[in-house]
Amino acid sequence: MKGKFITFEGSEGCGKSTQSRMLYDHLKSKGYKVIYLREPGGTAISEKIRGILLDPSNRSMSGVSEMLLYMAARAQVIEEVVRPALLGGKIVLCDRFLDSTIVYQGYGLGMDIKTIKAIGKISTCGIKPDLTILLDLPVTKGLKHRQHKKDRIEERSLNYHLRVRKGYLKLARQEPGRIKMVKVDPKKNKTQDRIRKIILPILRQKAK
Ligand code: TMP
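Residues numbered from 1 in each chain as written. Predicted model: local features only at pLDDT ≥ 70, side-chain atom pairs only at ≥ 80, totals over all residues. Heavy atoms only, no water.

## Looking at helix H4 (residues 98–108)
Put simply, the test is: Think of it in three bands: with a 1.4 Å probe and only protein chains considered, a residue is buried below 20% of the maximum accessible area for its type, exposed above 50%, and partly exposed in between. Each helix is a run of H or I in the DSSP string that is no shorter than four residues. Each strand is a run of E no shorter than two, and both are numbered from the N terminus. In what follows, residue pairs with any heavy atoms lying within 4.5 Å of each other are defined as contacts.
Of all eleven residues in H4, ten are buried; the element is thus mostly enclosed. Listed as buried for H4 are Leu98, Asp99, Ser100, Thr101, Ile102, Val103, Tyr104, Gln105, Gly106 and Gly108. On its buried side, H4 packs onto strand S1 (4–10), helix H3 (63–87), helix H5 (113–123), strand S4 (131–136), helix H7 (158–174) and strand S5 (179–183).

Written out as structure tokens, the structure reads:
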């Protein structure tokens, strides 16, 4: 693949969407060929699946059904958007990816991680992020940032969200080469500086 695939991960309210968008705007202003996506989402079909997944009235959804729907949304965005963009040499910034399923459905719901990884391989066509920025913030602080009505996943217990964060920290220890942890600072610009310090040298290397 000629392009670069960069994903953003983190537990609820960590500021991941704000930070990834800030980076997108910066890279665009510097003339990089970059696209921005969120997961689940990024295509019309994936956005419809997102609606089903986050709808609080779907409380009776089974864990397997939930995991497979996240994977289905992913398979669609990979095929329709991510793969062609990477083949075309673009930088793809994606707000969440397979790591989210490993921590939210695996560590959070207790589903088998090996099974999730095996299904993940099919849904992603084996495409892996070149780099993942993990924004880390204590769970209680993150949940406080949520102002809107909670969605089906946000509604889950504090213990669930604590397992999610623990899962992320475990993944970061397992894959230190790919997953770079960034501590969230109360000042947005400071967090953004930390992210750029990691990403910009890698993109400059690619351009050489
Ligand atoms: P967002 O709020 O970051 O846009 O993500 C949507 C929600 O979906 C969030 O609560 C995390 C959750 N999620 C999973 O549980 N599994 C996944 O595979 C993905 C991509 C997201």
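Text resumes after the structure shown.
## Quick look at unusual backbone geometry
The linkage connecting Glu39 with the following residue, Pro40, adopts the cis geometry, with an omega of -10°. The topology assignment puts Pro40 in the loop between strand S2 (34–38) and helix H2 (44–54). At Arg96, a position not held by glycine, the phi torsion is positive, near 80°. Locating Arg96 in the fold gives a position in the loop between strand S3 (91–95) and H4. Classification of Arg96 by relative accessible area gives buried; the value is 12%.

## So, the pattern of salt bridges
As a reminder of what qualifies: Throughout this description, the term salt bridge denotes a Lys or Arg side-chain nitrogen within 4 Å of a carboxyl oxygen of Asp or Glu.
Here the structure, examined in full by the defined rule, presents twelve salt bridges. Between Glu9 and Arg96 there is a salt bridge, with the nearest N and O atoms lying 3.9 Å from each other. Placement of the pair is Glu9 in strand S1 and Arg96 in the loop between S3 and H4, with a sequence separation of 87 residues. Accessibility expressed as a relative area gives 0% for Glu9, which makes it buried. For Glu155, the salt bridge goes to Arg59, with nearest N and O atoms at 3.0 Å. A residue pair is termed long-range when its members are at least 10 positions apart, and Glu155 in the loop between helix H6 (139–145) and H7 and Arg59 in the loop between H2 and H3 qualify at 96 residues. In this structure Glu155 comes out as partly exposed when scored by relative accessible area, which is 35%. Residue class for Arg59 comes out exposed when judged on its relative accessible area of 57%.

## Here we look at the site of the ligand
Note the following rule: For each residue, the test is whether any non-hydrogen atom lies within 4 Å of the molecule or strand; if one does, the residue is near. Under this definition, polar contacts are N or O atom pairs within 3.5 Å; protein pairs additionally need one hydrogen-donor-capable and one acceptor-capable atom, and for neighbouring residues in sequence, both atoms have to be side-chain atoms. Exposure was quantified through the Shrake-Rupley algorithm and a 1.4 Å probe, taking into account, for residues, occlusion by the shown protein chains and nothing else. Asp, Glu, Lys and Arg are counted as charged, while Ala, Val, Leu, Ile, Met, Phe, Trp, Tyr, Cys and Pro are counted as nonpolar; the rest, among them Gly, fall into the polar class.
Around the ligand lies a shell of 15 residues, among which Glu12, Arg50, Tyr70, Arg96 and Thr101 are the nearest. In the environment of the ligand, an oxygen atom lies 2.8 Å from a nitrogen or oxygen atom belonging to the side chain of Arg50. Arg74 is positioned with one of its side-chain polar atoms (N or O) 3.2 Å from an oxygen atom of the ligand. If the ligand stood free it would expose 470 Å²; the protein chains cover 96% of that surface. Secondary-structure elements contributing two or more residues to the shell around the ligand are H2, H3 and H4. If one sorts the elements of the shell around the ligand by residue count, H4 sits on top with four residues. Along the lines of polarity and charge, the residues of the shell around the ligand split into five nonpolar, three polar and seven charged.

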